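# Structural overview
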Amino acid sequence: MRLFTCDNCDQVIHFDNRLCVRCNHRLGFFASDLSMHALESRDEVNWQLVSDPNRLVRFCANAGLDICNWLVDDGNDFCIACRHNRLVPNTDTQEGIDRWRRISQAQRHLFYSLLRWKLPHPDRQEDPQGGLVFDFLEDAVQNDGNIVPAMTGHEEGLIAIRAAEADDLTREQARAAMDEPYRTLLGHFRHETGHFIWDKLVRDRNGLDAFRAVFGDERQDYATALQERYANGPAPGWQESFISAYASVHPWEDFAECFAHYLHIVDTLETARSFGIAIDPRGHEEIAAEVDFNPYRAQSAEQLVSAWVPLSLAINAIQRSMGQADSYPFVLSQPVVAKLEYMHELIQAAANEQRQAA
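Right, let's walk through the structure included here. Small disclaimer: the values here were computed from a predicted structure and weren't measured.

## Focus on the overall build of the protein
- In terms of regular secondary structure, the protein is built from eight helices and 15 strands.
- For 358 residues, the compact-globule formula gives about 21 Å, and the C-alpha radius of gyration of the protein, at 21 Å, lands near that figure.
- Seen along its three principal axes, the alpha-carbon backbone of the protein occupies a region of about 65 × 65 × 45 Å.
- The contacts of the protein with a sequence gap of at least 6 include a subset with a gap of at least 24, amounting to 59%.
- Seen as two clouds, the 33 positive and the 54 negative side-chain charges of the protein have centres 3 Å apart.

Right under this line is the structure:
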């Protein structure tokens, strides 16, 4: 995520800011140019851009509860991210509103990446059968008071996210129960959206042969593979070929995990570049690195990984110094880098296709 600048006073502003701390102008994100903008009120509904007073915009309908800070300038009530939502958390309680705010923050970070690459994201109006749509599900409470957790998953563009995972305690309990090294809302969004991207860029574009050459044959029974994973654990030596234990369950999950990690890496490298962060440890030149390229237009996955490994090592060391767990507790083996290279070529080809069409 890059840094932005207030159009009115040149103060540094961030993706999630609502107000400029220097000039107090209202801020909003405009998906059409992927930028934060300072705004001035025109009337009760419309705002004008400080940088372009003749351009009128409105806030997403979810701005009323401080759920979203994105702007619209068309006939939609909701921004390009929120219009994909079907079921949302309960707004009758403060807990529900707080959950939705955290969920929406993660969702907007996901859409920032999708929009940067111009990856397909049709909604259900554009694609009634396979468009991207989100259900944020509440847990079920049984008559005896026991809670049945809502399930996270994907099916033909429908992504279900457990609303309670917006709570740190619930998410940490789930992470420990699943023996996972990493679990975040943004990670969920990126992983489950990876399944949607597989549908659109691999299955629907006759790319199965190239996919199978890298990830294996997805025609193996998914339910059986998942049952075996939960019964017996991951296959011995999975670390040699997979980014995570869950990636070893099935080629679909391997793809979704690699998609999520590709987004983790690219977006974090863009943040490091925006802050001018360089890794230059004294006496250890072999792990020196500088992000002197645009990660969203990297030449290869190898270029990304070469910068990412030193940066992630430094971030993890800083986390440990603060008594925190590693931010990136994963190892990128050569087979995993090859999968990331496939992901890079797939995403960049789709992005280039969209640029040429535009």
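## Quick notes on the nonpolar core
- Judged by nonpolar contacts, the single largest core of 83 residues is most densely connected at Trp70, Phe255 and Leu332.
- Phe255 has contacts with Gly194, Ile197, Trp198, Val202, Phe211, Phe215, Tyr342, Met343 and Leu346, leaving out every residue within four places of it along the chain.
- Within the second largest apolar cluster, eight residues are counted, among which are Phe30, Trp47, Leu49 and Val57.

## Topic: a nonpolar patch on the surface
- A contiguous nonpolar patch, built from Ile287, Val309 and Leu313 and spanning about 210 Å² of accessible area, is present on the exposed surface.
- Within the secondary structure layout, Val309 lies in helix α7 (residues 301–321).

Rules used throughout
- Residues numbered from 1 in each chain as written.
- Predicted model: local features only at pLDDT ≥ 70, side-chain atom pairs only at ≥ 80, totals over all residues.
- Heavy atoms only, no water.
- Helix = DSSP H or I, 4+ residues; strand = E, 2+ residues; numbered from the N terminus.
- Rg over C-alpha atoms; globule rule 2.2 N^0.38 Å.
- Contact = heavy atoms within 4.5 Å.
- Lys, Arg positive; Asp, Glu negative; His and termini not counted.
- Charge placed at Lys NZ, Arg CZ, Asp CG, Glu CD.
- Core = buried A, V, L, I, M, F, W, Y, C linked by side-chain atoms within 4.5 Å.
- Buried < 20%, exposed > 50% of the residue type's maximum accessible area, 1.4 Å probe, protein only.
- Patch = residues over 30% accessible without salt bridge, like charges linked within 9 Å, V, L, I, M, F, W, Y side chains within 5 Å.
- Areas by Shrake-Rupley, 256 points an atom, 1.4 Å probe, with all protein chains shown as cover.
- Salt bridge = Lys/Arg side-chain N within 4 Å of Asp/Glu carboxyl O.

Distances and angles like these do not, on their own, reveal function.
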